[in-house]
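This is what each chain is made of:
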Amino acid sequence: ILEEQTQMQLEQIRKQIELLALQAQEIQKRKELSLLIYEAQLNFSPVVGQQYYLYQRKDGSNLLSLVSPREWGGGSGPFQKFLAKVQLLADHTWVEVNG
């Protein structure tokens, strides 16, 4: 019984560690994306909860846009490439949105 109890407790701790590691990775990704966006050109004031589109220009700089790739006819419009669909969170970090 002692062996089973300690194994169960160790398994719970292992799962908690994995969860914390995943949460840390997500925070790091949000930080990196947020820095990328805050260095990008914005021609408007972003609103919390809204979704925007991050593009890379031909000169390598980035631009945050209200226009989706679909609205550019399925492409990246006048930009070199589409980087991500993003959403501003209440803590003013950015997260990539799928779909």
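Residues numbered from 1 in each chain as written. Predicted model: local features only at pLDDT ≥ 70, side-chain atom pairs only at ≥ 80, totals over all residues. Heavy atoms only, no water.

Asker: Break down the packing of aromatic side chains for me, citing the residues and quoting the values.
Answerer: This structure, assessed with the given rule, holds seven aromatic pairs. Taken together, a centroid distance of 6.5 Å and an interplanar angle of 45 degrees make the contact between Y53 and F82 tilted. Taken together, the positions of Y53 in strand 2 (residues 51-56) and F82 in strand 4 (residues 81-88) put the pair 29 residues apart, joining distant regions of the chain. In this structure Y53 comes out as buried when scored by relative accessible area, which is 14%. Among the residues examined, F82 registers a relative accessible area of 34% and is labelled partly exposed. Between the aromatic rings of Y55 and F79, the centroid separation amounts to 4.9 Å while the plane-to-plane angle is 25 degrees, which identifies the pairing as stacked. Of the two residues, Y55 sits in strand 2 while F79 sits in the loop between strand 3 (62-65) and strand 4, which places them 24 residues apart along the sequence. The exposure class of Y55 is buried, given its relative accessible area of 0%. (Phe/Tyr/Trp six-rings, centres within 6.5 Å; stacked < 30°, edge-to-face > 60°. Helix = DSSP H or I, 4+ residues; strand = E, 2+ residues; numbered from the N terminus. Buried < 20%, exposed > 50% of the residue type's maximum accessible area, 1.4 Å probe, protein only.)

Asker: Please provide a residue-by-residue account of the environment of E32, values included.
Answerer: Counting through the fold element by element, E32 comes out in helix 1 (residues 2-38). Sequence spacing of E32 and R14 is 18 residues, and the spatial spacing of their C-alpha atoms is 27 Å.

Asker: Hey, could you go over helix 1 for me, with residue numbers and the actual values?
Answerer: Look at helix 1: 54 Å from first C-alpha to last across 37 residues, which is about the 54 Å you get at 1.5 Å a residue. Buried-residue contacts for helix 1 involve strand 1 (41-42), strand 2, strand 3, strand 4 and strand 5 (94-96). (Expected span 1.5 Å × (residues − 1). Contact = heavy atoms within 4.5 Å.)

Asker: If you had to explain the nonpolar core to someone new, which residues and values would you point to?
Answerer: A general tendency of soluble globular proteins is for nonpolar side chains to be buried together. The biggest cluster of nonpolar side chains holds ten residues, and these are L33, I37, A40, Y52, L54, L64, A84, V86, L88 and W94. Among the secondary structure elements, those contributing two or more residues to this core are helix 1, strand 2 and strand 4. Among the elements that take part in this core, strand 4 stands out by supplying three residues, more than any other. Every residue in contact with W94, bar those within four places of it in the chain, is listed here: R30, L33, S34, I37, Y38, P46, Y52, L64, V86, Q87 and L88. (Core = buried A, V, L, I, M, F, W, Y, C linked by side-chain atoms within 4.5 Å.)

Asker: Hey, could you go over the pairing of strand 3 for me, with residue numbers and the actual values?
Answerer: The alternating pattern of strand 3 places N62 and L64 and L63 and S65 on opposite faces, both of which are buried. By the bridge criterion, two bridges tie strand 1 to strand 3 in an arrangement that is parallel. Looking at the pairing, L42 lines up with L64 of strand 3. As defined by bridge partners, strand 2 adjoins strand 3 across four bridges and the pair is classed as antiparallel. Its bridge partner being in strand 3, L54 is matched across the sheet by L64. Counted between consecutive antiparallel strands, the loop separating strand 2 from strand 3 contains five residues, among which G60 sits at a positive phi close to 95 degrees. (Pairing = 2+ DSSP bridges.)

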